[in-house]
Amino acid sequence: MEIKIKRKEVLINILIYLGLILIVLGNVLIQNIGNMDEIWVYNFGRCIVEGLIPYKDISMIITPLFPYICALFLKIFGNEIFVLRIVESIETGTILFMTYKIMQRLKMNKGVALLITLGISYIYKDMFCLDYNWAVLLIELILLYIELRNKDDMLKFSFKREFLLGILARKYNFTKTDFRTIFCIYLYIL
């Protein structure tokens, strides 16, 4: 009986996640190409795909991790801004889904949490774009969800968990490019 409830809950979460991605995708695909962050990330990714090296061949202000991630998608799926808009929809859909899951962890009614999440998506519909700031927001929400998921264990202090989570929470702000290493270490140790 409990397994059927878990399966139903997982299926509902998958449907909500896919629904949020489709909502964002529907909004993003009809936007004009004019967001400078989107054009900037696309052009950096395109240059990396063409073999140019950041800081040597390309003048960059930001660290190259995010353009490298975008370049990977451009290399695999084609050198079109449409590809990055799909990536943007997945990223933003994940942000909205993490918001929904955090509200559930805070014991909010599922229906109310979904309505608030849809309200947030409506309020920010004109701001969805693929840039580093949205990626940082996603990382912050994942960290918050990890903390809330472990809140039952908070009575048992784990120096290792708190230390690694602290490094993870602050590391990407300062050096941005080695975030992936710290995140992998954190997941491996847990």
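Residues numbered from 1 in each chain as written. Predicted model: local features only at pLDDT ≥ 70, side-chain atom pairs only at ≥ 80, totals over all residues. Heavy atoms only, no water.

Attention shifts here to helix H2 (residues 36–49). Between its terminal C-alpha atoms H2 stretches 20 Å, which fits the 20 Å expected from 14 residues at 1.5 Å a residue. Residues of H2 that are buried include every one of Glu38, Val41, Tyr42, Phe44, Gly45, Cys47 and Ile48, and no others. Residues of H2 that are buried in the fold lie against helix H3 (65–77) and helix H4 (81–105). Looking one or two places after H2, you find Gly51, whose phi comes out positive at around 100°. (Helix = DSSP H or I, 4+ residues; strand = E, 2+ residues; numbered from the N terminus. Expected span 1.5 Å × (residues − 1). Buried < 20%, exposed > 50% of the residue type's maximum accessible area, 1.4 Å probe, protein only. Contact = heavy atoms within 4.5 Å.)

With that settled, the discussion passes to the packing of aromatic side chains. Under the definition given, this model contains five aromatic pairs. Taking the centre distance of 5.9 Å and the plane angle of 70° together, the rings of Phe128 and Trp134 count as edge-to-face. Accessibility classification places Phe128 together with Trp134 in one group, the buried group. Clustering of aromatic rings is evident, with ring pairs tying together Tyr17, Phe97 and Tyr100. (Phe/Tyr/Trp six-rings, centres within 6.5 Å; stacked < 30°, edge-to-face > 60°.)

A separate point is H3. With 13 residues, H3 should cover 18 Å at 1.5 Å per step; its first-to-last C-alpha distance of 19 Å lies within 8% of that length. Those residues of H3 that sit buried are Leu65, Phe66, Pro67, Cys70, Ala71 and Leu74.

The subject of this paragraph is the side chain of Glu91. Looking at the element boundaries, Glu91 is found in helix H4. Arg85 provides the closest opposite charge to the buried, unpaired Glu91, separated from it by 12 Å. In this structure the side chain of Glu91 is engaged in a polar contact, spanning 3.2 Å, whose partner is the backbone nitrogen of Ala135. In this structure, Glu91 is in contact with Phe66, Cys129, Leu130, Asp131, Trp134, Ala135 and Leu138, ignoring residues within four places of it in sequence. (Lys, Arg positive; Asp, Glu negative; His and termini not counted. Salt bridge = Lys/Arg side-chain N within 4 Å of Asp/Glu carboxyl O. Polar contact = N/O pair within 3.5 Å; in protein donor to acceptor, adjacent residues only side chain to side chain.)

With that settled, the discussion passes to the side chain of Glu38. Residue placement: Glu38 occurs in helix H2. Looking at Glu38, the relative accessible area reads 4%, which means it is buried. Aside from chain neighbours lying at most four places away, what touches Glu38 is Ile81, Arg85, Glu88 and Leu130.

Two elements in contact, H4 and helix H5 (residues 110–123), have axes separated by 9 Å at closest approach and are oriented at 150°. Comparing the axis directions of H4 and H5 gives the class roughly antiparallel. Note that H4 runs across H5; the crossing there is right-handed. Here H4 contributes Leu96, Thr99, Tyr100, Met103 and Gln104 to the contact with H5, which in turn contributes Lys110, Ala113, Leu114, Ile116, Thr117, Ile120 and Ser121. When grouped by side-chain class, the residues that make up the contact of H4 with H5 number seven nonpolar, four polar and one charged. (Axes fitted to C-alpha atoms, helices over the stretch in contact; angles between N-to-C directions. Parallel < 35°, antiparallel > 145°, perpendicular 65-115°, else oblique. Left-handed = near helix turned anticlockwise from the far one by under 90°. Nonpolar A, V, L, I, M, F, W, Y, C, P; charged D, E, K, R; others polar.)

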